[in-house]
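Architecture at a glance
So the chains spell out like this:
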Amino acid sequence: MQSEKIKIWFSSSDPPPEVAPLPYIRCSPTAALKNLLQHSGNSVISDSSQNQGLLPDSGQFLKFIQASQMVYKASLSRQLAADLPPDIEQTSLKDEPKDWFIKTADFGDDCDRVLQHRDGEYTQLLEDITRYHQIFQQGYDKIILIRPTTYTGYDIQLTAAMQCLGYTKEQFQFIIVQPLKLYAFHKPTQQLHPIPDIAPAELLKAVSMDALRWYSLRVPLTEVAPINISTAGQPTPQDSLYRVQSAYLRCCTLLQQAQQQGIIQLDTYGGGGEISPTEIAPKLISLADYVWESPDAATLANLLQAVPKILKQSAAEIAPYLVCHHLEAISETSLPWLDSLSLNPQNCALLLAAKQTIFDLLENVLAIGLPESTFPDPNLRFVKFSED
């Protein structure tokens, strides 16, 4: 049974990486997070200037929610008045100016928060819940906010305030993204050492944007992401991104060899971008229907078939690291198999599936580039086997 399509409003603090403060850099792979959500069949709309013009009046919204039991007008919050006489507001504080509070303490906040100060000034919290309530009223099923650690604490306040309005944590997700932690290899001691934060422009001179995106995504967003700038993105077996890219290139090379040997015939796209009817491959059996002689091949086939499940879980949990880890598992399994396989139609079917899966997950989901290959077309999906 196909899951229902969800309409998501997505917002991320993502200034250009070369000018962003270091805490914001991990918020920059917005494209990867959107791709991940869209691959699961969701409709994703990003925060934009168009949305800004649709903001309702905060004062009108405050009047709208004043009848709710989750807001109240008082001189003191419930927490400050807890040790005072219960009638303090009607007696000693009767003539004192009042603030409008929302009961965020009922949903995990330290105390109730002010929506409007006694001098009439509206708070940022009121403006934000006004905005996000209106977005839900426009037909969105979920709101996802991606923010750096400078917002720590406010995420609890805002999430609690949205719960006061009746929205669940599943509907309103406020994710605080932890920063990168930089390390470098120290040759004299032959050890890895933490290094101070450096300017983003200098960081991008040492580490490519693709490597930075990979190491930002391969750790849960709510955990600090370590990155060794001595090896990140470098052609070394110690680098996990390089191993994934190497597996892709090895698949391409072996498929080219199979074509040259006449084992397979690779289909190509027509000039108009469509597959010509005469070039459509014969119907291939599923990878699940093959019997694999090699344990590595069997494991690889299982990993490739698990990709839809991984994508669905990753999108549901806003966890792109699951995709990165799955890619690492695919590369770790495929590399020893690639070194020992014999080229035959069955192995070529697995080669093509592995190549395409790595391409789809890296390029189309994580928005991370692959090294150039002389392979005919990175989007190739069909193969003809030799009848011999």
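Computed from a predicted model, the values in this text were never measured in an experiment. (Residues numbered from 1 in each chain as written. Predicted model: local features only at pLDDT ≥ 70, side-chain atom pairs only at ≥ 80, totals over all residues. Heavy atoms only, no water.)

Another aspect to go through is the pattern of salt bridges. In this structure the tally under the stated criterion is 10 salt bridges. As a salt-bridge pair, Arg250 and Asp339 come within 3.3 Å of each other at their nearest N and O atoms. Separated by 89 residues along the polypeptide, Arg250 in helix 9 (residues 240-260) and Asp339 in helix 12 (residues 321-340) bring together distant segments of the chain. Overall, the relative accessible area of 62% leaves Asp339 in the exposed class. One salt-bridge network, in which partners are shared between bridges, spans Arg78, Asp106 and Asp112. (Salt bridge = Lys/Arg side-chain N within 4 Å of Asp/Glu carboxyl O. Helix = DSSP H or I, 4+ residues; strand = E, 2+ residues; numbered from the N terminus. Buried < 20%, exposed > 50% of the residue type's maximum accessible area, 1.4 Å probe, protein only.)

Okay, the packing of helix 11 (residues 307-317) against helix 12 next. The contact between helix 11 and helix 12 brings their axes to 8 Å, and the two run at 155°. With respect to their mutual orientation, helix 11 and helix 12 come out roughly antiparallel. Across the interface between the two elements, Val307, Ile310, Leu311, Gln313, Ser314 and Glu317 from helix 11 touch Leu322, Val323 and His326 from helix 12. (Axes fitted to C-alpha atoms, helices over the stretch in contact; angles between N-to-C directions. Parallel < 35°, antiparallel > 145°, perpendicular 65-115°, else oblique. Contact = heavy atoms within 4.5 Å.)

Moving on: the sheet that holds strand 7 (residues 172-177). Strand order in the open sheet made by the 4 strands is 2-1-6-7, with parallel pairing throughout. Each end of this open sheet is capped by a strand with a single partner; those strands are strand 2 (43-46) and strand 7. Looking at each pair of strands side by side, their axes are set apart by 20° on average, direction ignored. As paired strands, strand 6 (residues 142-148) and strand 7 are joined by 6 bridges and run parallel to one another. Considered in strand 7, the bridge of Arg147 is made with Ile176. With respect to the sheet, helix 2 (residues 30-39) is in contact with strand 1 (7-12), strand 2 and strand 6, its orientation differing from that of strand 1 by roughly 170°. Contacting strand 6 and strand 7, helix 6 (residues 154-164) crosses the sheet at an angle of about 175° to strand 7. (Pairing = 2+ DSSP bridges.)

What follows deals with the nonpolar core. Counting residues in each nonpolar core, the largest one holds 73 residues, and the members touching the most others are Trp214, Leu327, Leu350, Leu362 and Leu366. Ranked by residues supplied to this core, first place goes to helix 13 (residues 345-365) with 11 residues. Contacts of Leu327, omitting those with residues within four sequence positions, involve Trp214, Val244, Ile358, Leu361, Leu362 and Leu366. By size, the runner-up hydrophobic cluster in this structure holds 27 residues, among which are Phe61, Leu145, Met162 and Ile176. (Core = buried A, V, L, I, M, F, W, Y, C linked by side-chain atoms within 4.5 Å.)

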